[in-house]
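# A closer look at the structure
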Amino acid sequence: MAVGTLPAIAQDAPVQRVEVTGSSIKRVDSETALPVTVITREQIEKSGAVTVQELLQKVSASGAMFSDTTQGIGYGQATANLRGLGANSTLVLLNGRRLANFAFGNAGGAAAVDLNGIPFAALERVEVLRDGASAVYGSDAVGGVVNFITRRNYRGGELTVRYGDTEAGVGGTESGVNLAFGIGDPAENRFNLLVTANLQKQTRIKAIDQQWYMRGLSEIPGSAPPTSGRGFPGRFWDEFDTISPGAYAGDVTNDPNIAACDPKFNVIQEFTNDDGTPYLTPGGQQAKACRFIYAAALDNLPDKESGDVFARVSYNLNEDTELYAEASYARSHHIGRIAPVPISNDAGKVNPETGEYPHFAMPVTSPYFPRELLEALGYDVPDTGTVDIMMRSVPVGNRVNDNTNEQTRVVAGVRGVAMGWDYDAGLNWSQASGSLEYRGYVHEGRFIEALATGGINPFGPMDEAGNALLRTTLMEGPMRESTSTVAAIDAKASRELTTLAGGPMSLAVGVDFRREEADDRPVNEDYRLGLHIGGEGTVPVTAASRNVYAVFGELVMPFAKGLEATLAARYDRYSDFGNTFNPRAALRWQPNKQFALRASAGTGFRAPTLWDVNAPPAFTNTANSLVDPDCPFANSARCETQFTVRNSSDPNLKPEKSRQWAVGLVTDPLPWLNATVDYWQIEKKDQIGQVSGDAIMSDPALYERYNSRIVRGSDGFITYIDQPVENLGGLRTAGIDLSLRTRWNVAGMGRFGVEFDTTYLTQWEQQTGKGQPYVDYLGTAGDGGGVQPVPEFQYTLAGDWQWGSFGVRLENVFVKGWTESAGLVDANVGVLVDHKVKDSNRFNLQMRYTGFDHLTLRLGVRNLFDEEPPFTAVSSYGSHAAGFAGSFTDPRGRFYYASATYKF
């Protein structure tokens, strides 16, 4: 889908004054001096998109769209990300007002609006302000603003049904229905009522049916699939050289209690000495182990059901006063599946005071203990005692995160004209709620007790009694129920003050008061304490709130014909960290109807999240499997694993501050061509973030600098890595936005149009601490943690042809590939080389027919040429799913869909 850019050039036809995103003053939409991308209702329908996330992925100003709705883990959340600055730096509005942030959070994590809560069927258009807007909206608008605007004064009705499926038949089907109904003409009946509803269902895709994680074997010579030392059949922890009995099945042993490494889910690792020679068991056999291909045991796309309802009513009290109210409710239900629980000492809950991990110990007297095999390999096997093991809980299936997320919103207000002022005042209450249920997770204490009985076989099949014993260790049911709430009162008014040489000078003033609350609560005590193996770690209660008071103003001064200056400023006071003042200035020069120049400069800020300043310390693990360069025993599974990390908040955090400026031009050189080009630059200081464990362990320079944050036990192995939330330093990014739109009629052949929207980055770098040098991430995969991939270039190009009742739209969405660093590649696929991720280049086709009364039919194909997503070695771009970056691409391959819309 190509998107239009709000033009800055006046048109001949008179249009009513409206409020444009980024300004508090009503104006003719052509008068804006700010770069605003507009996605109209017509473009939404032609795009074939069925979610807000799909729409924003085609806006070139978007960076990586963090989403665990596309890759099946986490909490079923999708967030916007303009300029690649992160979800925290993109402000999401619904009809110009804030929504509650996602209900779950943690210190250092994103606190942003879940896009699943936007009422998709109600949308009239989407306005994306590609400029900082803290001077108008306050916190979070550093990278820009996404304003979802619903239909108003809609009369009539429409019903849309749709269905789509993959050509490969691997799942990923979509089905849904939309309904919109409106009655009442404000001019005749004094009221209008709009009601919309949307239902959608999506089915899962199993990663093993696509096996994209295996493509590295050909793309990166010498590499292995993404694996974990915690596999099934299991292996020993530190005893017996950490070998896997299953690696010798059918060769050294035929013990029926020892299962061979299943090649669909395992590779065999052969141990070597430091000089590269084979590492042998005491009996002279090659020491080897099974490594589990965890990517084969999860979903590339989850099961998802979602729905929303929206209602808006307006009533004209008199010709100058309108009362209005809005109410919406959205619910999304996701079932995310990831690999079965990884069980090993370092996957258990660490004691932060002693650095000790629990022992997953198997008695040597167990009938499943492979004594004969170990003796055949030359090991000295004790007659009594226990040995520590590591395994996966494959016999009880995948870990399943069953998430239900809801967004409820109520707005009531009045707007109109009084004493020459256009005013709008309202009450806004919005609440996001989330609930998490677990299936397939294992309780640490119960598993240790069950393993100690000898009735569990880590190395192969069990009898029914053993399977029943294993099931008693499951930790399932409701785990977390949380809410995030915003309650706000706002009022603003604008009017013309006087007439200058270029037109009326206008002023807007406003006030804003809101209360933000987070009530993030585990409902299972063992879950809170982090006793779920393979889960989030410890999950403390975070209950916090704050009040925000703000005043703002804006002044538009057309002091000469074709020359207009705009000044805006906002003062915010936060009850938990103090105040901040943010101005902005904009200038527009339009000497004629075909040409305009625009420029803007201002400051912005992002407040620390309630979790950043209030959350108790919590333990979790790194996103990637990483290598410890100072591991005391090179062949230990503890040398290459997901390390435990400790997140901690800081009540003394300062807000991030930013400075941004942009210059651009808009031109209509020909009657059928509109073009805009903007150069922009954003610079942050006191950036709130973490130096992640992933970054420290994969970057030698960071490893040396932050080595003191790596806490080791008495045995030299890593206990945990400290990840405090802090004001890290600066970030600088810059780039060029270009948009072209054409429309022309050809006699006898209908109407043609081409739209092109692109962003080219020239800079993206940040510090990893105050006073530290800037690290250039442009065109790279980021740091594997807080910094996600930063493509240099992306665009959306679309051509549209309308001939009578028949129309065709062909769309090309391109994302330039990036380079994954050698450290990240080695951590994931075992080869110390850089890897260049290929470009993503997808084509989408849609045909439509409107020749039937009241009926529009659409047939479409996404990914017309069935291009596979480019291979990525790093598996943490928003998910455990390995082999592709779901934040930029779609895992469904060629996808056919159809829809029918009946208007009444």
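One structure accompanies this document, and this report is about it. (Residues numbered from 1 in each chain as written. Predicted model: local features only at pLDDT ≥ 70, side-chain atom pairs only at ≥ 80, totals over all residues. Heavy atoms only, no water.)

### Things to note about the overall build of the chain
What counts here: Counting from the N terminus, the helices are the DSSP runs of H or I reaching at least four residues and the strands are the DSSP runs of E reaching at least two. Burial classes follow relative accessibility: with a 1.4 Å probe on protein chains only, a residue under 20% of its type's maximum area counts as buried, one over 50% as exposed, and anything between as partly exposed. Computed with the Shrake-Rupley method and a 1.4 Å probe, the accessible areas treat only the protein chains shown as cover for residues. Asp and Glu count as negative and Lys and Arg as positive, but His and the ends of the chain are not part of the count. To locate a charge, take atom NZ for lysine, CZ for arginine, CG for aspartate or CD for glutamate.
Within the chain, the secondary structure is distributed over twelve helices and 51 strands. Along the first, second and third principal axes, the C-alpha atoms of the chain reach 95 × 60 × 45 Å. Classification of the 904 residues of the chain by burial places 60% in the buried group. Approximately 33,100 Å² of the chain is accessible, and the part contributed by carbon and sulfur atoms is 55%. Each charge sign in the chain was given a centre, from 80 positive and 105 negative side chains, and these centres are 8 Å apart.

### Concerning the state of the cysteines
Inclusion rule: In this description, the term disulfide denotes a pair of cysteine sulfurs within 2.5 Å.
Applying the stated criterion across every chain, the model contains two disulfides. Note on cysteine connectivity: cysteine 261 is disulfide-linked to cysteine 290, with sulfurs 1.7 Å apart. Between cysteine 261 and cysteine 290, the S-S dihedral sits near -45°, and the bridge is therefore left-handed. One end of the pair, cysteine 261, is in the loop between β13 (235–236) and β14 (266–270); the other, cysteine 290, is in strand β15 (residues 288–292), and 29 residues separate them in sequence.

### As for the pattern of salt bridges
Here is the rule: The working definition used for a salt bridge is a side-chain nitrogen of Lys or Arg within 4 Å of a carboxyl oxygen of Asp or Glu.
According to the stated counting rule, one finds 58 salt bridges in the structure shown. Aspartate 402 is paired through a salt bridge with arginine 439; the nearest N and O atoms lie 3.0 Å apart. With a gap of 37 residues between them, aspartate 402 in strand β22 (residues 399–418) and arginine 439 in strand β23 (residues 421–439) connect regions that are remote in the sequence. With a closest N to O distance of 3.2 Å, glutamate 656 and arginine 606 form a salt bridge. On the criterion of sequence distance, the pair formed by glutamate 656 in strand β36 (residues 656–670) and arginine 606 in strand β31 (residues 595–606) is long-range, its members being 50 residues apart. You'll find glutamate 656 and arginine 606 in the same group, each marked buried. Put simply, Glu42, Lys46, Arg743, Glu755, Asp800, Arg809 and Arg848 are held in one network by salt bridges that share partners.

### Let's talk about the environment of tryptophan 611
Our working rule: Contacts are assigned to residue pairs with any non-hydrogen atoms lying within 4.5 Å of each other. Polar contacts, as counted here, are pairs of nitrogen or oxygen atoms within 3.5 Å of one another; within protein the pair requires one atom able to donate a hydrogen and one able to accept it, and residues that are adjacent in sequence qualify only if both atoms are side-chain atoms.
Tracing the chain through its elements places tryptophan 611 in helix α9 (residues 610–614). A relative accessible area of 4% places tryptophan 611 in the buried class. As for tryptophan 611 and glycine 184, which are separated by 427 residues in sequence, their C-alpha atoms are 45 Å apart. Residues in contact with tryptophan 611, not counting those within four places in the same chain, are Phe102, Ala103, Phe104, Gly105, Asn106, Ala107, Ala111, Ala518, Asp520, Thr542 and Ser649. In terms of polar contacts, tryptophan 611 uses its side chain to reach the side chain of aspartate 520, at 3.1 Å.

### What to know about the sheet that holds strand β40 (residues 718–724)
Whether parallel or antiparallel, the strands of a sheet pair through hydrogen bonds between backbone atoms. Stated precisely, the cut-off is as follows: We call two strands paired when DSSP finds no fewer than two bridges between them. With axes taken as lines fitted to C-alpha atoms, and helix axes fitted only over the stretch in contact, angles between N-to-C directions fall between 0 and 180 degrees.
Pairing is mixed in the open sheet, where four strands are placed in the order β32-β35-β40-β39. If you trace the sheet from one side to the other, it starts and ends with β32 (618–621) and β39 (710–712), each paired once. The mean angle between the axes of side-by-side strands here comes to 30°, regardless of whether they run parallel or antiparallel. Relative to strand β35 (residues 644–648), β32 runs antiparallel, the two sharing four bridges. Among the inter-strand pairings, asparagine 621 is bridged to a residue of β35, identified as threonine 644.

### A closer look at the nonpolar core
Selection criterion: Residues grouped as a nonpolar core are buried Ala, Val, Leu, Ile, Met, Phe, Trp, Tyr and Cys residues, joined through side-chain atoms within 4.5 Å.
One finds Phe236, Phe240, Ile243, Phe369, Leu374 and Phe447 to be the most contacted residues of the largest nonpolar core, which totals 40 residues. Put simply, the parts of the chain that give this core at least two residues each are β15, α5 (371–376), β21 (386–392) and α6 (444–452). When sequence neighbours within four positions are dropped, the list of residues in contact with phenylalanine 240 reads Phe369, Leu374, Tyr379, Asp380, Val381, Pro382 and Val387. If you look at the next biggest cluster of nonpolar residues, it comprises 23 residues, including Ala78, Val113, Ile118 and Val146.

### Quick notes on the environment of threonine 819
Within the secondary structure layout, threonine 819 lies in strand β47 (residues 819–820). Each C-alpha atom, one on threonine 819 and one on aspartate 834, is 6.7 Å from the other, the two residues being 15 residues apart in sequence. Other than its neighbours up to four places away in sequence, threonine 819 contacts Gly779, Thr780, Ala781, Asp834, His835 and Lys836.

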